Amino acid sequence: MLIGCATTGPGGKKSVIFIPTGQEVAIGAGMARHVDSTENILADPVWQNYINEVGQRIVAVSDRKDIEYHFTVIDSDQINAFAAPGGFIYFYTGLIREMDDEAEFASVLAHEISHVVGRHGIRRLQTALGVAAAYELVFGDSTSVVLNAAISLGVGLLFADYSRDNEREADTFGMHYMVKAGYNPNAMLSMFNILAEKGNHEPNVFEKMASSHPETKERIDRAFKQLDEIKPLPPDLILGQARFKQMLERLPKK
Ligand SMILES: [Zn+2]
């Protein structure tokens, strides 16, 4: 996916630069260190293992396996989840508490994994960095300085909007991966409905997805259409209600 900034490369030749996977992971790891030190990471290994298990089940059927994915639950009332570049995915207990089953949990994980598969985060960051800094990051010598600048900028962008095209792609890939991983994709629709309902009362619900009604409606319409195209659904798709209920009971009492 060579979507980068057109610039003049070495020898005056026109070339396209893009931040390669190694640098993407280094930037994402730096951002993750910042998140780990500033957010209240849920101190329950059972929950951290659980999110990792569900996450890896989706990664296994995804289109990007050249990196290692990390999944972490943050103990916070925020109704949100996000992905840093390079496969570092975070999920707030505030969002978990809104859910009824593992398939809904998987639908949001699949959406976030899809942002990583589509390299949406690193492309957003590269645009923000500008051509000169991105060029320096890829070809320059003083990479640690530029790397640290990229990490700082990336942290500031963690909750910025993705483009609508990126969101559409994350929704489409996400539903596709859910089904491949054995989850009932109707859970993605119920998730949209929960978030739309929630967004009527609270701002900043899950990537601000409910902040503008036409957009949420469009996402629901697209999901319905995709669901129609997938049908008939494979047998044995799960919602995973019983296990998820047990996991909900493990969350810290509010
Ligand atoms: Zn998204």
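Values in this document were obtained by computation on a predicted structure and should not be read as measured data.

Draft legend 1. Region of interest: the overall build of the protein chain. The secondary structure content of the protein chain amounts to 11 helices and five strands. The long-range share in the protein chain, meaning contacts at least 24 apart out of those at least 6 apart in sequence, stands at 70%.

Draft legend 2. Focus on the packing of helix α4 (residues 102–117) against helix α8 (residues 164–180). Two numbers describe how α4 lies on α8: the axes approach to 7 Å, and their chain directions differ by 125°. Here α4 is positioned oblique relative to α8, judged by the angle of their axes. For α4 against α8, the interelement crossing comes out right-handed. Residues A106, S107, A110, H111, I113, S114, H115 and V117 of α4 form the contact with α8, whose own contacting residues are N166, E169, A170, D171, F173, G174, Y177 and M178. Considered class by class, the residues forming the contact of α4 with α8 number eight nonpolar, six polar and two charged.

Draft legend 3. Structural context of the environment of R97. With respect to the helices and strands, R97 occurs in the loop between α3 (93–96) and α4. Classification of R97 as exposed rests on a count of 12 C-beta atoms within 10 Å. For the pair formed by R97 and L248, sequence separation is 151 residues and the distance between their alpha carbons is 7.0 Å.

Draft legend 4. Highlighting unusual backbone geometry. Residue K231 is joined to P232 through a cis peptide bond whose omega torsion reads 0°. The phi torsion at R119 lies on the positive side, around 55°, for a residue other than glycine. Relative to the helices and strands, R119 is located in the loop between α4 and α5 (120–129). Of note, the phi angle at D236 is positive, near 70°, even though the residue is not glycine. Mapping D236 onto the fold places it in the loop between α10 (213–230) and α11 (241–250). Assessed through the 7 C-beta atoms surrounding it within 10 Å, D236 is described here as exposed.

Draft legend 5. Structural context of the packing of helix α1 (residues 21–38) against helix α7 (residues 143–157). Running from N to C, α1 and α7 point in directions that differ by 55°, and their axes come no closer than 9 Å. With respect to α7, the axis of α1 lies oblique. Note that α1 runs across α7; the crossing there is right-handed. Seen from α1, the contacting residues are A26, I27, G30, M31 and H34; seen from α7, they are L147, A150, I151, G154 and V155. Across the contact of α1 with α7, the residue classes tally to seven nonpolar, three polar and no charged.

Draft legend 6. Broad picture of the environment of D66. Residue position: D66 is located in the loop between α2 (45–59) and β3 (70–74). A tally of 7 C-beta atoms within 10 Å means that D66 is categorised as exposed. When the C-alpha atoms of D66 and G86 are compared, they prove to be 9.7 Å apart, with 20 residues separating the residues in sequence.

Draft legend 7. Just the sheet that holds strand β5 (residues 88–92), in detail. Taken in spatial order, the three strands make up an open sheet running β3-β5-β4, and their pairing is mixed. A strand with exactly one partner marks an edge of an open sheet, and here the two such strands are β3 and β4 (81–84). Averaged over all adjacent pairs, the angle separating strand axes in this sheet is 20°, with direction ignored.

Draft legend 8. Just α2, in detail. Helix length check: α2 (15 residues) gives 20 Å between terminal C-alpha atoms against 21 Å at 1.5 Å per residue, within 8%. Within the span of α2, buried status applies to W47, Y50, I51, V54, G55, I58 and V59. The secondary structure elements touched by the buried residues of α2 are β3, β5, α4, α8 and α11.

Draft legend 9. Seen up close, α8. An ideal rise of 1.5 Å per residue puts 24 Å on 17 residues; α8 measures up with 24 Å between its terminal C-alpha atoms. When α8 is considered as a whole, its buried residues turn out to be E167, A170, D171, F173, G174, M175, Y177, M178 and V179.

Draft legend 10. Expanded view of the environment of D44. Relative to the helices and strands, D44 is located in the loop between α1 and α2. A C-alpha to C-alpha distance of 8.5 Å links D44 and L251, two positions 207 residues apart in sequence.

Draft legend 11. Spatial organisation of the confidence of the model for the protein chain. The pLDDT averaged across the protein chain works out to 88; a share of 89% of its residues lies at or above 70. Every residue in residues 1–15 scores below 50 in pLDDT, and together they form 21 contacts with partners more than four places removed in sequence or on other chains.

Conventions we followed
Residues numbered from 1 in each chain as written. Predicted model: local features only at pLDDT ≥ 70, side-chain atom pairs only at ≥ 80, totals over all residues. Helix = DSSP H or I, 4+ residues; strand = E, 2+ residues; numbered from the N terminus. Contact = placed C-beta atoms within 7 Å. Axes fitted to C-alpha atoms, helices over the stretch in contact; angles between N-to-C directions. Parallel < 35°, antiparallel > 145°, perpendicular 65-115°, else oblique. Left-handed = near helix turned anticlockwise from the far one by under 90°. Nonpolar A, V, L, I, M, F, W, Y, C, P; charged D, E, K, R; others polar. Buried ≥ 20, exposed ≤ 12 C-beta atoms within 10 Å, placed from the backbone. Pairing = 2+ DSSP bridges. Expected span 1.5 Å × (residues − 1). pLDDT = per-residue confidence, 0-100.

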